[in-house]
Amino acid sequence: MTAQLSADIVVIGSGICGSLAARQLAAKGASVLMLESGPRIDRGLIVSNFRNSPRKADFMSPYPSSPWSPHPLYGVVDNNYLEQAGPYPYKAQYIRGVGGTSWHWAAQAWRFVPNDFRIQSMYGVGRDWPISYDELEPFYYQAEVLMGVSGPDNNGSPRSKPFPMDPVAESWAQKRFREQIAPLGYDLIVNTTARNSRNYDGRPACCGNNNCMPICPIDAQYHGGIAARSAEASGVKIVENAVVYRIESDASGKIAAVHYYDPNKQSVRVIAKQFLLAANGIESPKLLLLSADDKHPDGIANSSGTVGRNLMDHPSNKFVFETEEPLWPGRGPMSPGSIGKFRDGDFRKEMAAARIDLNMPSQVAPVAQDLIKQGVYGKALQEQFQHRAARQFSIKSVTEILPDPENRIVLSDNKDALGIPKPRVHYHMSSYVDRSMDMLKPIYAEIIKAMGGTNIRTNPDGVYDNNQHITGTMSMGNDPKTSVVDAWGRSHDHENLFIASTGVMPTAGTCNSTLTAVALALRTASKMGVNG
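Attention here is on the structure that accompanies the text. (Residues numbered from 1 in each chain as written. Predicted model: local features only at pLDDT ≥ 70, side-chain atom pairs only at ≥ 80, totals over all residues. Heavy atoms only, no water.)

With that settled, the discussion passes to the overall build of the protein. The number of helices and strands found in the protein is 11 helices and 18 strands. Its C-alpha atoms give the protein a radius of gyration of 23 Å, near enough to 24 Å, the size a compact globule of 532 residues would have. Taken along the three principal axes of its C-alpha coordinates, the protein extends 70 × 50 × 45 Å. Split into buried and exposed, the 532 residues of the protein put 61% on the buried side. Long-range contacts, defined here as pairs at least 24 residues apart, represent 73% of the contacts in the protein between residues at least 6 apart. Counting every atom, the protein has about 20,000 Å² of accessible surface; 51% of that belongs to carbon and sulfur. (Helix = DSSP H or I, 4+ residues; strand = E, 2+ residues; numbered from the N terminus. Rg over C-alpha atoms; globule rule 2.2 N^0.38 Å. Buried < 20%, exposed > 50% of the residue type's maximum accessible area, 1.4 Å probe, protein only. Contact = heavy atoms within 4.5 Å. Areas by Shrake-Rupley, 256 points an atom, 1.4 Å probe, with all protein chains shown as cover.)

Structure (C-alpha cells):
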C-alpha cells in the first residue's frame, strides 16, 4: 500500500529558490513540506573531497552522484545522465542534493538591467517579460539581504536601497588589471556577489581561499545549503532522498498530489493545498513531461506545448594570456570583477549583449599540468612554472543567448536506476551569438595589449564554453498559448501549482541567473498562502 503524507504546501526541490520560498511560506503560518531528490550535503566532506581530488578544475568531482538521484558528471567518464541530442553540446552541471547547485557557484548575484525585461519592445528580438524591473526591484533587495550581497552601486541596475554590505576588497592582481585597462575607457567594477566582506548573518568574512568553486570552506559565501538550514529553522520539514516522479491532477484541473520514490523505490503520495515546483530548468520540465496523463497527454502545465523549450545559458569565448607584470592571480575570489560596457545598447538589435568577466583562479595547478604534459622538467620546469603561474590570466564573455523553442529538454528513452527517463537536450548556437563574439575580439585584443600580454590562447571560432546558468524551459508570460506560468509564477493550467526556478525566466540577459530566480521565487511566495 502506498504511504501518504500531507502539508498545506509542498515544495519540490530544496535549492536556493525552493528553500528561501519555503522559508517565507512557513513564516506565514503554513505547514510546508520540502521534497529533495538527493541526499544531505556535508560541507566538511566536500572540502575534504576537493582537497584530495587530483581534478581541481572539475567542480563536480567533490559532489558524489547518488544512484537514485543522479546528476550529470563529465570527469574521467561521462555518466551520460544528461543525454546530448545535438547539434551543439550542452553539458550542464548541477547538483541534486539538499541545497542544490549553488553549493559550487561563484556567488555572482547580479541584477538584470531594466532593458533586459523588454528586449522585444526595445530591440525587436527575444521576448518581453510580463513584469518590469521596477516590479521586481523590491524582491531583488529582499533576496540580497537574505543572501548577503555586496557590490558597487554603479553596476547598471538602479537601486532603491544600498547593498547590505560593501564589496570584498580588491586583490593586488585585480587592482593592477583595473588600473592598466582604465586608459582604454573600460571600467572594471567589483562583481556583485553573495559573499561576505564582513561578518554577516553569523558567517565570517571572505578570507581569500580562492576555491569559491567548488566549495567555500568557511561559508563566507552564501549557498543553498545555508538557505535550506534557514528554511528548517523556520519550521519547514525537508524529506531528502525523495525522488518526485509524478504530479497528479484531479478532475477539476487542480494538482491533487505528488508521488515520490525513496531509494528503495517505495512510493509515497503527498497531498497539499498548493504545490511549488522549485527544481532547476532541466529537472523541473522533466518532471512536468513525466506527469502526462489522459487529460494532459503532453504533460502537466503544458497546454502551450512550451514546457522544456527555450533553454538558454551564457556561451563564452575565453582568452588566456600571460601579463608582462607578475601579478600572481589566485588570491581572493575566483571571479572578482567585470566590464559592463556591453550589457545593453542598440547593438542588441543585431548581436548579443555581453559582460566581460575577469577570471583569477590560482594558476599553479593548470600551469604545472601543462608544462609536465609538454615534457618540461628540471630547472626549466621550475623557471617556466614560476614565470607563468605568476602571470597567467583569463578573461571571458558572459554572452546573452535568445530564447529559441528548438533549444529544449525532452524525455530520453533511456532510464535511470529507478526507471525514470533521463533528460535529453537539443541545443544549438545562432548567428546572434556569433556576431557578438566577433564584436568582442578587438576589445579583448586591446585589453591584452594593455597588459603586455603574450602567449595568447582562445577558443576556436564557433566553439564556446558553457557557464552553467540554466535558464528558460518554463517561461512566464501573459499569454497561456506561449508561456507556462503567469507573471506570479502560477501555472496557467493548474491554479494551485506554482513554479520557482531559473526556468521561468523568459530571457537570459548577461548575468548569472541565481539572484533573479531567487527574487522571482520570493515574489511568487508572496502570492501563495494557505488560502491562496
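Back to the text.
Within a beta sheet, neighbouring strands are joined by backbone hydrogen bonds and run either parallel or antiparallel to one another. With mixed pairing, three strands are arranged side by side in an open sheet as β4-β16-β15. Each of the sheet's edge strands pairs with one partner strand only, and the pair in question is β4 (83–87) and β15 (408–415). Averaged over all pairs of adjacent strands, the angle between strand axes in this sheet comes to 30°, irrespective of strand direction. Inspection of the sheet shows β4 paired to strand β16 (residues 421–427) by three bridges, in the parallel sense. Across the sheet, Glu 83 pairs through a bridge with Arg 424, a residue of β16. (Pairing = 2+ DSSP bridges. Axes fitted to C-alpha atoms, helices over the stretch in contact; angles between N-to-C directions.)

What follows deals with the pattern of salt bridges. Under the criterion given, the structure shown has 31 salt bridges. Two residues, Glu 179 and Lys 175, come together in a salt bridge whose shortest N-O distance is 2.6 Å. In this pair, Glu 179 and Lys 175 both sit in helix α5 (residues 172–181), four residues apart, roughly one turn of the helix. Note on Glu 179: relative accessible area 30%, which makes it partly exposed. According to the relative accessible area criterion, Lys 175 is partly exposed, its value standing at 30%. Salt-bridge contacts for Glu 406 lead to Arg 309; the nearest nitrogen and oxygen are separated by 3.7 Å. In this pair, Glu 406 sits in the loop between β14 (392–399) and β15 while Arg 309 sits in the loop between α7 (283–290) and β11 (318–322), placing the two residues 97 residues apart along the sequence. Residue Glu 406 is classed as partly exposed on the basis of its relative accessible area, which comes to 47%. The exposure class of Arg 309 is buried, given its relative accessible area of 18%. (Salt bridge = Lys/Arg side-chain N within 4 Å of Asp/Glu carboxyl O.)

Looking only at α5, the buried set comprises Ala 173, Gln 174, Arg 176, Phe 177, Gln 180 and Ile 181. Taken around the axis of α5, the buried residues stretch over an arc of 165°, which confines them to a single face. Packed against the buried residues of α5 are β5 (188–190), β11, β12 (337–339), β13 (354–359), β14 and α10 (431–450). (Arc of directions from axis to C-beta.)

Let's shift gears to the packing of aromatic side chains. Applying the stated criterion to the full structure yields 11 aromatic pairs. On the numbers, 6.1 Å between centres and 80° between planes, the contact of Phe 117 with Tyr 133 is edge-to-face. With Phe 117 in the loop between β4 and α3 (119–123) and Tyr 133 in helix α4 (residues 133–147), this residue pair connects regions lying 16 residues apart in the sequence. In terms of burial, Phe 117 and Tyr 133 fall into one category: buried. Members of the aromatic cluster, connected to one another through ring pairs, are Phe 112, Phe 117, Trp 129, Tyr 133 and Tyr 140. In this arrangement the basic side chain of Arg 159 is found over the ring face of Phe 163, its NZ or CZ atom lying 3.7 Å from the centre. Across the ring face of Trp 488, the terminal group of Lys 527 is positioned such that the distance to the ring centre comes to 4.9 Å. (Phe/Tyr/Trp six-rings, centres within 6.5 Å; stacked < 30°, edge-to-face > 60°. Lys NZ or Arg CZ within 6 Å of the ring centre and 35° of its normal.)

What follows deals with the pairing of β14. Buried residues dominate β14, accounting for eight of its eight residues. Judged by which residues are buried, β14 turns out to be covered on both faces: Gln 392, Ser 394, Lys 396 and Val 398 on one side and Phe 393, Ile 395, Ser 397 and Thr 399 on the other are all buried. The sheet contact formed by β11 and β14 spans five bridges and is antiparallel. Residue pairing across strands places Val 320 opposite Ser 394, the latter belonging to β14.

With respect to the secondary-structure elements, Arg 96 resides in the loop between β4 and α3. The exposure class assigned to Arg 96 is buried, which follows from its relative accessible area of 9%. Within the local environment of Arg 96, its side chain forms a polar contact with the side chain of Ser 37, the two groups lying 3.3 Å apart. For Arg 96, the contacting residues outside a window of four places in its chain are Glu 36, Ser 37, Gly 38, Pro 39, Ser 69, Pro 70, His 71, Tyr 81, Val 243, Glu 283 and Lys 286. (Polar contact = N/O pair within 3.5 Å; in protein donor to acceptor, adjacent residues only side chain to side chain.)

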